[in-house]
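Overview (structure and organization)
Below are the chains, spelled out letter by letter.
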Amino acid sequence: DRLVQGFTDATGIDPTAARSNVEQMIAQGQDSVNPAYTSIRANPAPVMTPELQDLATNDPHVAAALNAVNSATRNPPAVPTAATWLAVRQQLADNVERNPVTGSPLPSYVNAQINGAAKDLGAAMNDAIPGFSNAQAQAALYKAPQASYNQARGMLFGGTAKQTPADVQALWDAAQTP
């Protein structure tokens, strides 16, 4: 409690309240965008444009992600649906190597290629999937604060564990005990 109180006294910010406020804002953002993505995923129509076909055929990262998604799907459609492309985009994001402490992407040639493929795929999805660009814009409103919050938490506490100020106080108290 001393560490938390010291921080509060020095900054005028209660870390517990701030954490709760940020997490509530992120949850509200996710809740507000979920219906848009649910609607996109529910459309069973095939989605294939020349741009998507080119990426699926000629970009090794998109092709590998599409293969991974199809392999994980019990009965993959012959032609990808909007839900398939959303899963491919998520697979690309999951393939990016990240710093285990901050969660930030590591600077590497492969990560740059994956990020380029994800950007190209997102642009093709904007043109091919009705509502996708609006859902992305809505998601961006909470994703930037969420990324900053996760990065700060990782730098302060190490890893991605959700440690509370009470956890930090316990670590501090343990470190002070001879």
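Computed from a predicted structure; not experimentally measured.

Cut-offs and rules
- Within every chain, residues take consecutive numbers counted from 1 along the sequence as written.
- Only residues with pLDDT of at least 70 get local features here, since the model is predicted, and only at 80 or more are side-chain atom pairs given and counted; chain-wide, interface and lining totals rely on the full set of residues.
- Only hydrogens and water are removed before side-chain values are computed, so all heavy atoms of the structure are retained for them.
- Comment: axis = line fitted to C-alpha atoms, over the contacting stretch for helices; angle = value between 0 and 180 degrees taken between N-to-C directions.
- What counts as a helix is a DSSP run of H or I of at least four residues, what counts as a strand is a run of E of at least two, and both are numbered from the N terminus.
- Roughly parallel means an angle under 35 degrees; roughly antiparallel means over 145; roughly perpendicular covers 65 to 115; every other angle is labelled oblique.
- Should the near helix be turned anticlockwise from the far one by less than a right angle, the crossing is termed left-handed; should it be turned clockwise, right-handed.
- Contacts between residues were defined by any pair of non-hydrogen atoms, one from each residue, lying within 4.5 Å.
- Ten residue types, Ala, Val, Leu, Ile, Met, Phe, Trp, Tyr, Cys and Pro, are classed as nonpolar, four, Asp, Glu, Lys and Arg, as charged, and the remainder, Gly among them, as polar.
- Polar contact is defined as a pair of N or O atoms within 3.5 Å, subject to the rule that within protein one atom must be able to donate a hydrogen and the other to accept it, and that residues adjacent in sequence are counted only when both atoms are side-chain atoms.

Side note on the packing of helix α5 (residues 82-95) against helix α6 (residues 109-128)
Packing of α5 against α6 leaves a shortest axis separation of 9 Å and a crossing angle of 160°. Considering their axes alone, α5 and α6 lie roughly antiparallel with respect to each other. In the packing of α5 onto α6, the handedness of the crossing is left-handed. Along its contact with α5, which presents W85, L86, V88, R89, L92 and N95, the element α6 presents N111, I114, A117, A118, L121, G122 and M125. Its residues placed into classes, the contact of α5 with α6 shows 9 nonpolar, 3 polar and 1 charged.

A closer look at the side chain of H61
Summarising the element assignment, H61 is placed in helix α4 (residues 60-72). One polar contact links H61 to Q113, side chain to side chain, over a distance of 3.3 Å.

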